[in-house]
Amino acid sequence: MAPPPASIPAPCPHLSSYRSSSRNPFRHLRRSLRVRPLGLPSIRLDPLSHPHCPLCPSSSSSSSQSPLNTSSSSRLLACLSCGQVFCPSHASDHPVSSPGHHISVDLLRAELFCCSCSDQVYDSDFDSTVSIAQSPSFPSSSSSASTSSSPPSSKRRRVDFKQWDPNPSHSQLIRTRSTQLHPDPTSSNNPDLHPWGLRGLNNMGNTCFMNSVLQALLHTPPLRNYFLSDRHNRFLCARRSRKKSANGVDMCLVCDLDQIYSAAFSGDRSPFSPAKFLYSWWRLSSDLASYEQQDAHEFFISILDRIHDNLVEDQKISNNNGQGDCCIAHRIFSGILRSDVTCTYCGFTSTTYDPCIDLSLDLDSTHLTRQTARNGEKETKQKHNQNQSGPTTLMRCLEKFTRPERLDNEQKFYCQKCKERRESLKQMSIRKLPLVLCFHVKRFEHSTIKKTLRKIDSCLQFPFSLDMAAYLSSSVLRSRYGNRLLPVVENGTTEASISSGASSEFEIFAVVTHSGRLDAGHYVTYLRINNSWFKCDDAWVIKVEDSIVRESQAYMLFYVQKVLCYTAGGNTGTSTGTIEPV
Amino acid sequence: MSTSNDGSLTPRSQHASNCFDDLLDSIIADVASECHRIARLGLDRSLEAEEEELRLSQLSDSTRGAAGGEGSSKHGVDIFGQSHPAVASDIFECMNCGRPIVAGRFAPHLEKCMGKGRNARAKATRSTTVTRSRHSRGSPVSVYAPYSTSAQRAPNGTAGGVSEDPSDYNIEEQ
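Residues numbered from 1 in each chain as written. Chains lettered and ligands numbered in written order. Predicted model: local features only at pLDDT ≥ 70, side-chain atom pairs only at ≥ 80, totals over all residues. Heavy atoms only, no water.

**Some details on the overall build of chain A**
Phase 1: Per the secondary structure count, chain A includes 14 helices and 31 strands.
Phase 2: Across the 582 residues of chain A, 56% fall into the buried class.
Phase 3: Within chain A, contacts between residues at least 6 apart in sequence are counted, and of these 67% link residues at least 24 apart.
Phase 4: Element-wise, carbon and sulfur atoms account for 50% of the exposed surface of chain A, whose accessible area totals about 25600 Å². (Helix = DSSP H or I, 4+ residues; strand = E, 2+ residues; numbered from the N terminus. Buried < 20%, exposed > 50% of the residue type's maximum accessible area, 1.4 Å probe, protein only. Contact = heavy atoms within 4.5 Å. Areas by Shrake-Rupley, 256 points an atom, 1.4 Å probe, with all protein chains shown as cover.)

**Comments concerning the domain arrangement of chain B**
Phase 1: Assigned domains within chain B: domain 1 (13-56) and domain 2 (84-118).
Phase 2: Placing a centre on the C-alpha atoms of domain 1 of chain B and another on those of domain 2 of chain B gives a separation of 61 Å. (Domains from an automatic or database assignment.)

**Remarks on the environment of A:Pro195**
Residues and elements named next belong to chain A.
Phase 1: With respect to the helices and strands, the residue Pro 195 is situated in the loop between α5 (168-177) and α6 (208-218).
Phase 2: Sequence separation between Pro 195 and Gly 267 is 72 residues, and the spatial gap between their C-alpha atoms is 9.7 Å.
Phase 3: Here Pro 195 is in contact with Arg 269, Ile 529 and Phe 534, once residues within four sequence places are set aside.

**Points about the sheet that holds strand β15 (residues 405-406) of chain A**
The pairing of strands in a sheet happens through backbone hydrogen bonds and is either parallel or antiparallel.
Residue and element names in this part refer to chain A.
Phase 1: One open sheet holds the four strands; their spatial order is β10-β9-β18-β15, and the pairing between them is antiparallel. Of all strands in the sheet, those bounded by a partner on one side alone are β10 (349-356) and β15.
Phase 2: The pairing of strand β9 (residues 335-343) with strand β18 (residues 424-432) spans eight bridges and is classified as antiparallel. By the bridge assignment for β18, Cys 343 is matched with Ser 424.
Phase 3: Lying on the sheet, helix α13 (residues 473-480) is in contact with β9, β10 and β18; it crosses β18 at an angle near 145°. (Pairing = 2+ DSSP bridges. Axes fitted to C-alpha atoms, helices over the stretch in contact; angles between N-to-C directions.)

**Overview of the packing of helix α9 (residues 275-284) of chain A against helix α3 (residues 106-114) of chain B**
Phase 1: In the contact formed by α9(A) and α3(B), the axes pass within 11 Å of each other and the chain directions differ by 40°. α3(B) is crossed by α9(A), and the crossing has right-handed handedness. Here α9(A) contributes A:Ala275, A:Leu278, A:Tyr279, A:Trp282 and A:Arg283 to the contact with α3(B), which in turn contributes B:Phe106, B:Ala107, B:Leu110, B:Glu111 and B:Met114. (Left-handed = near helix turned anticlockwise from the far one by under 90°.)

**Quick word on the packing of aromatic side chains**
Residues and elements named next belong to chain A.
Phase 1: Tallied over the entire structure, the rule returns 16 aromatic pairs over all chains.
Phase 2: Relative to Phe 265, the ring of Tyr 261 has its centre 6.4 Å away and its plane inclined at 10°; by these criteria the two rings are stacked. Grouping residues by exposure puts Tyr 261 and Phe 265 together as buried.
Phase 3: Within the aromatic cluster, the residues linked to one another by ring pairs are Phe 209, Phe 277, Trp 281 and Phe 299.
Phase 4: Positioned over the ring face of Tyr 345 is Arg 422, at 3.7 Å from the centre of the ring. (Phe/Tyr/Trp six-rings, centres within 6.5 Å; stacked < 30°, edge-to-face > 60°. Lys NZ or Arg CZ within 6 Å of the ring centre and 35° of its normal.)

**So, unusual backbone geometry**
All names here are of chain A.
Phase 1: Not every positive phi belongs to a glycine, and Ser 118 is a case in point at roughly 55°.
Phase 2: Among the structural elements, Ser 118 can be located in the loop between β6 (111-114) and β7 (119-121).
Phase 3: Here Asn 530, not a glycine, exhibits a phi torsion of approximately 50°, which is positive.
Phase 4: Along the chain, the position of Asn 530 falls in the loop between β27 (521-529) and β28 (532-537).
Phase 5: Since its relative accessible area comes to 68%, Asn 530 is described here as exposed.

Structure (structure tokens):
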């Protein structure tokens, strides 16, 4: 996905005049650009010289070899026109003594500095010169053997969305084979008053974990559309029509889900009991089947796995094409993560790609936590060196997720170039965003002190609109190499071009919250439909204000892409190109 | 640049002090240069979005308490005008044994009904990885679901024995 375009500020008059004065303004710098192991560029004038500012007073020692001679400051600039070296405080003198010499370059950072404006300035030709010098240190897409090789590229071209106009045979089919639901305009069930698909789910005995996830799935737009468009008809399912066998192979969880969608969107507003679904799920996931409070996130993953298993077996297709096309669950939730491990010694980077169906984010537990007055106690825990005020936000968690992390000594990475174990940096980024992003907030953590699991109650702030651009591999890479105006080029192709071209903007539609203690808690889902929020608390569906949602303890957050893009499908029968926009 | 020159400092300490000052200045200049570039090239738009969200949530902070927590739920009516008992009173047939069961007690019934020797095939899938990490008391915990994302940091909340083998959670395993 393309990183957010960097806008080039208009050049100052001095930069403009420098550019116009020479044909290839920055070419001569190429020879002087040196790139350090982690890819950061700098300028070396002469390997043997000791650059210093002649106008700065040198220190007490008169010897030029003395280290104290660097009193001229940490920042040295060199004039692009004559090569004179000076420090920023004496930079403004240079254009006076040498007229027309306005532009200089920061030796250590390879940034342009205008002596007359006394400001750092930017130029795309200069940046591309720097990028070219950096390119040998860009990661090649080598990958380890344990995961998928080479970045899965979406070779399918984008196609424009076409409104579906039913032809006469389609219209007839719909007329004869379906039942239109006629809402009674006078009843309180009128969908003009209440959105379709809103229906309470009965708690069948500690099943709020299941109800909360089901509510989120019921209103996941692509998944809802899949079922409502009859993509999996429970009356025609091949799996179900098989003879009942001992090992439960006839159970089709997807059919049971289809039944729940039908029930939720039927127009009947009395609470529904997803009993058959529970039964099937237990039959298929014997290890998780017990009458106990379960974890909603575990349940969510388990459901997606079961859907995958059911659909892949039935279709007998290979699920290893890296596109996540194997089943509807992966088509919707599967994204690709990129992991770069860089040797700090030589700069060699090893890149791996792994699919993921959600993102588990750490809550910063050392953060300021303030219990709400509701609990009757007010406890403020502050770290003396805390550098963030207020509660954690989702974006900070994402920043933490994509921050370069220094792997500690136990995890020394074997560098293929150095041929030994080195300290390394690891950085995660998102190579491909899924259609629906599910964030899992890790609220349950091991307390090292008490050797028990505890719940982190701190509030997580989350936006209703989310732009994931900054966490994409293209943005992260660009930032790693100094945010130059040209995108990072790997193996001849940019990260930006290997993408499905979808946008990175998301809108929230469901929040699964957990309240209470570890062993006695309750899950509730907030759904956002037509810009109103509804609280789904088992059988109860209530309209609530935005503020209630913002204050809740989010455990799982569901975001859907604002704009859906279409890729050309293999044939019209596949659903690749037919996911309808929200 | 630091120019304080405490007369009692030895020349060696002075060297060290100057070195430190140089390093510190260099680091500050690095950060300033990077931030300047980010700001001038307009790459910090996400900051504005975040500030807006913080502002909105601070607004809701101030209205907290007035709303009385998460809104009345169990006492009034829902949006459809319905009221529901604490234990769901619908009755339907158990698909395992055929008996009529009250909805609100279906799960405990089903557990007994399906029994220990239930027919479900033991699936050696990703879910068993999670089971290994579950507490036997069945509290609503997930330390983390290892296969949900392969982005594993050094976890701060691992129960013992959870595998970090990437192949456990590689969706494309063959």
